[in-house]
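Overview (structure and organization)
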Amino acid sequence: RSWEGAPYSTLVPSDEVAINYRHGLPVITLMLPTRSERCQFTVKPVATTVGAFLQDVQREDKGIVRAEVFATDGTKVSDATLMEVLLMNDFKLVINNTAYSVSPPVKDKLSSEHATELEDIKSLVHRLFVALHLEDHQIRKERELLQKLDYLKGELLPLEQMKARITDSADAKTSRLLWVGLALMSTQGGALAWLTWWVYSWDIMEPVTYFITYGSAMAFYAYFVLTKQDYIYPHAKDRQFLHYFYRKSRKQHFNVERYNKLKDDLAETEESLRRLRQPLHLRLPIQEISDKD
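This one's a predicted model, so the numbers in the text were calculated from it and none came from an experiment.

1. Some words on the overall build of the chain
Secondary structure assignment for the chain yields 6 helices and 7 strands. Counting from the amino terminus, helix and strand elements in the chain follow one another as β-β-β-β-α-β-α-β-β-α-α-α-α. Here the chain holds 293 residues, and the buried ones make up 27% of them. Partitioning the contacts of the chain with sequence separation of at least 6, the portion at a separation of at least 24 is 59%. Put simply, the chain shows about 20000 Å² of open surface, and 57% of that area lies on carbon and sulfur atoms.

2. Description of the UniProt feature "transmembrane region" (unreviewed entry) in the chain
Residues annotated in UniProt with the feature "transmembrane region" (unreviewed entry) correspond here to residues 177-196 and 208-226. Taken end to end, residues 177-196 has its terminal C-alpha atoms 28 Å apart, with 100% of it in helix and 0% in strand. What you have in residues 208-226 is 100% helix and 0% strand, and the ends, taken at the C-alpha atoms, are 27 Å apart.

3. Regarding helix α5 (residues 233-252)
In this model α5 runs 29 Å from its N-terminal to its C-terminal C-alpha over 20 residues, within 8% of the 28 Å that 1.5 Å per residue would give. Restricting attention to buried positions, one finds in α5 the residues Ala236, Tyr244, Phe245 and Ser249. Just downstream of α5, His253 is the residue with a positive phi angle, here 60°.

4. A look at the sheet that holds strand β3 (residues 25-32)
On the basis of which strands lie adjacent, the open sheet formed by 3 strands has the order β2-β3-β4 and antiparallel pairing. Single-partner strands in this sheet number two, and they are β2 (18-22) and β4 (37-42). Strand after strand, the sheet turns through a mean of 30° between neighbouring axes, direction not considered. Most of the contacts of helix α1 (residues 50-60) go to β4, to which it runs at about 145°, and overall it touches β3 and β4.

5. What about a nonpolar patch on the surface?
A grouping of Trp194, Trp197, Trp198, Val199, Tyr200 and Ile204 is seen on the molecular surface, where their side chains present a nonpolar patch of about 790 Å² in accessible area. Per-element tally for the nonpolar patch: the top contributor is helix α3 (residues 107-199), with 4 residues. As for its placement among the helices and strands, Val199 is situated in helix α3.

6. Let's talk about the environment of Ala193
Position of Ala193 among the secondary structure elements: in helix α3. It is 9.3 Å that separates the C-alpha atoms of Ala193 and Met205, two residues lying 12 residues apart in sequence.

7. Considering the environment of Ser103
For Ser103, the position within the fold is in the loop between β7 (98-102) and α3. Here Ser103 falls in the partly exposed class, since its relative accessible area comes to 44%. The sequence separation of Ser103 and Ala18 amounts to 85 residues, and the corresponding C-alpha distance is 8.2 Å.

8. Things to note about the packing of aromatic side chains
One pass over the full model with this rule turns up 8 aromatic pairs. Here the aromatic rings of Phe245 and Phe254 are separated by 6.3 Å at their centres, their planes lie at 85°, and the arrangement is edge-to-face. By relative accessible area, Phe254 is classed as buried at 5%.

Conventions adopted
Numbering of residues starts from 1 in every chain and runs along the sequence as written. Totals for whole chains, interfaces and linings use every residue, but because this is a predicted model, local features are given only for residues with pLDDT of at least 70 and side-chain atom pairs only at 80 or more, for both listing and counting. For the side-chain quantities, the full set of heavy atoms in the structure was used; hydrogens and water were omitted. In DSSP terms, a helix is any run of H or I states spanning at least four residues, a strand is any run of E spanning at least two, and both are numbered starting from the N terminus. Exposure classes here rest on a 1.4 Å probe applied to the protein chains alone. A residue is buried below 20% of its type maximum, exposed above 50%, and partly exposed in between. Whether two residues are in contact is decided by their heavy atoms: any pair within 4.5 Å suffices. Only the protein chains shown count as cover for residues, and all accessible areas are computed by the Shrake-Rupley method using a 1.4 Å probe. UniProt positions are given in the numbering used here, feature names are shortened, and annotations may be inferred rather than shown by experiment. A helix is expected to span 1.5 Å multiplied by its residue count minus one. Two strands pair under a simple rule: DSSP has to find at least two bridges between them. The axes are straight lines fitted to the C-alpha atoms, using for helices just the contacting stretch, and the angles between their N-to-C directions are given from 0 to 180°. The patches described consist of residues with a relative accessible area above 30% and no salt bridge, like charges being joined within 9 Å and nonpolar side chains (Val, Leu, Ile, Met, Phe, Trp, Tyr) within 5 Å. Note on definitions: salt bridges are taken to be side-chain nitrogens of Lys or Arg within 4 Å of carboxyl oxygens of Asp or Glu. Two rings belonging to Phe, Tyr or Trp (six-membered ring only in the last case) form a pair when the distance between their centres is within 6.5 Å. Interplanar angles under 30 degrees mark stacking, angles over 60 mark edge-to-face geometry, and anything in between is tilted.

Okay, structure coming up:
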């Protein structure tokens, strides 16, 4: 169906229907036929359809019995068409027996202006959301972190007590081993002195002491081959302590892996809580809390 086939008496120039943009929205100004006054209709292009716009026009002027829209080639525009699509090209607006020739503003200019308005609105909405909801989000996140902190501390408490007992036992065994080593070295020195001055002479004991020294050097070299570390007393002590600690842990069923995982989670939660509280106390922008990989 085309508007050319529909009866109308007048083709009104385009200046009788004006389209302007205010605050990013198109405002259509036209003359109401029975009220003989100009009326403005503000439409939302992405939400309003042609049918809804025509209904608004008919509700404004009860004397309008016919309201339709046609393309420039005479094809009737569906009522379900969005106004955003209609305003891309020229069209004919038929009200009762009068046809209005409408030429919307240039599309590129409208698109640029509309995009600028939308960006301003988005920026304003974002700032309002941050101002109204960010503090509530921070407080809720802080409460969640505190609950997680309490849970981790509760899980770690019995493990910490068991670890303290195992650590004390391993440390005592390591200390005893060190004292035993000192006692053996003292005994060896006293025996060599007794054999040298009271039983034999230095001529006899000199080869013995040489082989004892050489045997000690071989023992230190064997330690390096097995551990890939130099025989340094603090390192050797720590190595022996860990040996006793893990052996005692297996006997008492102490889960070292779970304990280390809980400690890492506790440290991460405390760091997240510290970073979250800093902007709350100083009124600074919140720092992003990244998830652990």
